[in-house]
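Here are the chains, one letter per residue:
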Amino acid sequence: SKDDRRMALKTALGMVFASFFVCVPYLKDTAAPYGTLSGITVSSVNLSTTGSSFHKASDRLMATMLAGAFSLIVGDFLKVQQDDISKTVALSIFTFIMIYLRTKEHAYQYTYSCISVGIMLFGSVKIDYHILGYVPKRIELVFVGIIIFCFTELLVFPRSSRKIVETTSLEFFMSMRAFLRQAVLCSEKLEQYVNECKEDSRNGTSNAAAILNESSKDPF
């Protein structure tokens with residue numbers, strides 16, 4: 001369908017721009033060690049409408065910033081770069097608070113913040129990258145991914161939820177118009193059929209068999 005083609009083209013174009021941070025040497029060195037994060041962000045926030053996509057993009061950025069701020073506090077004040085036990089306790093506390101405060105409207109924000117904390121606290125160590133350097137880099141690349149998404153969404157493939165609602169509403173009202181028109185025709189035919197039966201009865205030109213035969217016909 002048209003919507004499926006639009007979604008595929010929009011995502012593909014966004015991934016082309018995001019791949020520059022993996023293929024272009026200068027951008028690759030700048031985005032190291034996690035240059036693919038901008039592409040992951042682009043593919044994650046792409047939804048069918050502009051409004052829903054922006055909602056998810058803002059939730060993802062806010063979740064990354066919340067997780068980043070907490071990870072910086074843990075890494076800077078508690079000095080737990082290599083202390084897995086302390087990081088596990090900090091991760092558990094943060095996850096409990098986020099899930100407890102989670103709302104339906106921003107459920108993705110709270111859930112993704114829990115995922116991001118785990119990646120920042122443990123992922124930075126596994127790739128031999130200090131927390132205090134890894135967290136700002138991750139926030140930077142998520143923001144870059146959202147900028148790429150905004151470019152493709154607003155300038156190349158814009159589509160608002162309002163237009164979808166307007167189109168659907170117009171189709172509904174047109175269908176209702178056609179339905180009411182058919183209902184009027186149906187009523188007119190029924191009235192004509194009843195009047196003809198009454199007229200035949202007054203003139204004595206019909207009998208029970210004829211009326212039964214007429215009743216079995218489709219008046220439309």
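So, how was this worked out
- Residues numbered from 1 in each chain as written.
- Predicted model: local features only at pLDDT ≥ 70, side-chain atom pairs only at ≥ 80, totals over all residues.
- Heavy atoms only, no water.
- Helix = DSSP H or I, 4+ residues; strand = E, 2+ residues; numbered from the N terminus.
- Buried < 20%, exposed > 50% of the residue type's maximum accessible area, 1.4 Å probe, protein only.
- Contact = heavy atoms within 4.5 Å.
- Areas by Shrake-Rupley, 256 points an atom, 1.4 Å probe, with all protein chains shown as cover.
- Phe/Tyr/Trp six-rings, centres within 6.5 Å; stacked < 30°, edge-to-face > 60°.
- Lys NZ or Arg CZ within 6 Å of the ring centre and 35° of its normal.
- pLDDT = per-residue confidence, 0-100.
- Axes fitted to C-alpha atoms, helices over the stretch in contact; angles between N-to-C directions.
- Parallel < 35°, antiparallel > 145°, perpendicular 65-115°, else oblique.
- Left-handed = near helix turned anticlockwise from the far one by under 90°.
- Nonpolar A, V, L, I, M, F, W, Y, C, P; charged D, E, K, R; others polar.
- Expected span 1.5 Å × (residues − 1).
- Arc of directions from axis to C-beta.
- Lys, Arg positive; Asp, Glu negative; His and termini not counted.
- Salt bridge = Lys/Arg side-chain N within 4 Å of Asp/Glu carboxyl O.
- Polar contact = N/O pair within 3.5 Å; in protein donor to acceptor, adjacent residues only side chain to side chain.

1. Details of the overall build of the protein chain
Moving on, step 1. The helix and strand tally for the protein chain stands at 10 helices and 0 strands.
Moving on, step 2. Overall, the protein chain shows an N-to-C arrangement of helices and strands of α-α-α-α-α-α-α-α-α-α.
Moving on, step 3. Taking all 220 residues of the protein chain together, the buried fraction comes to 29%.
Moving on, step 4. Of the contacts formed within the protein chain by residues at least 6 apart in sequence, a portion of 72% connects residues at least 24 apart.
Moving on, step 5. Accessible surface, the protein chain as shown: approximately 13,700 Å² in total, 66% of it carbon and sulfur.

2. Considerations on the packing of aromatic side chains
Moving on, step 1. Going through the model one piece at a time under the given rule, you end up with 6 aromatic pairs.
Moving on, step 2. Where F17 meets F20, the ring centres are 6.0 Å apart and the plane angle is 85 degrees; that geometry is what we call edge-to-face.
Moving on, step 3. Looking at F17, the relative accessible area reads 26%, which means it is partly exposed.
Moving on, step 4. Using a relative accessible area of 36% as the deciding quantity, one classes F20 as partly exposed.
Moving on, step 5. One aromatic cluster is present, formed by F17, F20 and F151 through successive ring pairs.
Moving on, step 6. Its end group placed over the ring of Y108, K56 keeps NZ or CZ at 4.9 Å from the ring centre.

3. A short note on the confidence of the model for the protein chain
Moving on, step 1. For the protein chain, per-residue confidence averages 77 on the pLDDT scale, and 80% of positions sit at 70 or higher.
Moving on, step 2. Per-element mean pLDDT across the protein chain ranges from 48 in helix α10 (residues 208-215) up to 87 in helix α2 (residues 20-23).

4. Regarding the packing of helix α1 (residues 2-18) against helix α4 (residues 37-45)
Moving on, step 1. Two elements in contact, α1 and α4, have axes separated by 9 Å at closest approach and are oriented at 165 degrees. Comparing their axes, α4 and α1 come out roughly antiparallel. Relative to α4, α1 is oriented so that their crossing is right-handed. Packed against α1, whose contacting residues are G14, M15 and A18, the element α4 presents S38, G39, V42 and S43 at the interface.
Moving on, step 2. For the contact of α1 with α4, the residue count by class is 3 nonpolar, 4 polar and no charged.

5. Here we look at α1
Moving on, step 1. Its 17 residues place the ends of α1 24 Å apart at the C-alpha level, agreeing with the 24 Å of an ideal helix rising 1.5 Å per residue.
Moving on, step 2. Within the sequence span of α1, burial applies to R6, K10, G14 and A18. All buried residues of α1 fall inside an arc of 100 degrees around its axis, so they share one side. The exposed set on the far side of α1, more than 90 degrees from its buried face, consists of D4, R5 and L9.

6. Thoughts on the environment of S92
Moving on, step 1. Along the chain, S92 turns up in helix α6 (residues 84-101).
Moving on, step 2. Classification of S92 as partly exposed rests on a relative accessible area of 44%.
Moving on, step 3. C-alpha separation for the pair S92 and V117, spaced 25 residues apart in sequence, amounts to 9.9 Å.

7. Digging into the environment of G39
Moving on, step 1. For G39, the position within the fold is in helix α4.
Moving on, step 2. Judged by its relative accessible area of 7%, G39 falls in the buried class.
Moving on, step 3. With 25 residues separating them in the primary sequence, G39 and G14 have C-alpha atoms 7.6 Å apart.
Moving on, step 4. Excluding its chain neighbours within four sequence positions, the residues that come into contact with G39 are M15 and A18.

8. Points about the side chain of R60
Moving on, step 1. Inspection of the secondary structure assignment puts R60 in helix α5 (residues 50-77).
Moving on, step 2. No salt bridge is formed by the buried R60; the nearest opposite charge belongs to D59, separated by 10 Å.
Moving on, step 3. Polar side-chain contacts of R60 include one of 2.5 Å to the side chain of Y108.
Moving on, step 4. Excluding anything up to four places from it in sequence, R60 contacts I40, T41, S44, V45, Y108 and Y112.

9. Let's talk about the pattern of salt bridges
Moving on, step 1. Tallying each qualifying case throughout the model produces 1 salt bridge.
Moving on, step 2. The closest approach of N and O atoms between K137 and E140, which form a salt bridge, is 3.8 Å. Taken together, the residues span about one helical turn, with K137 and E140 both in helix α8 (residues 131-156) at a distance of 3 residues.
Moving on, step 3. Under the relative-accessibility criterion, K137 is labelled buried at 16%.

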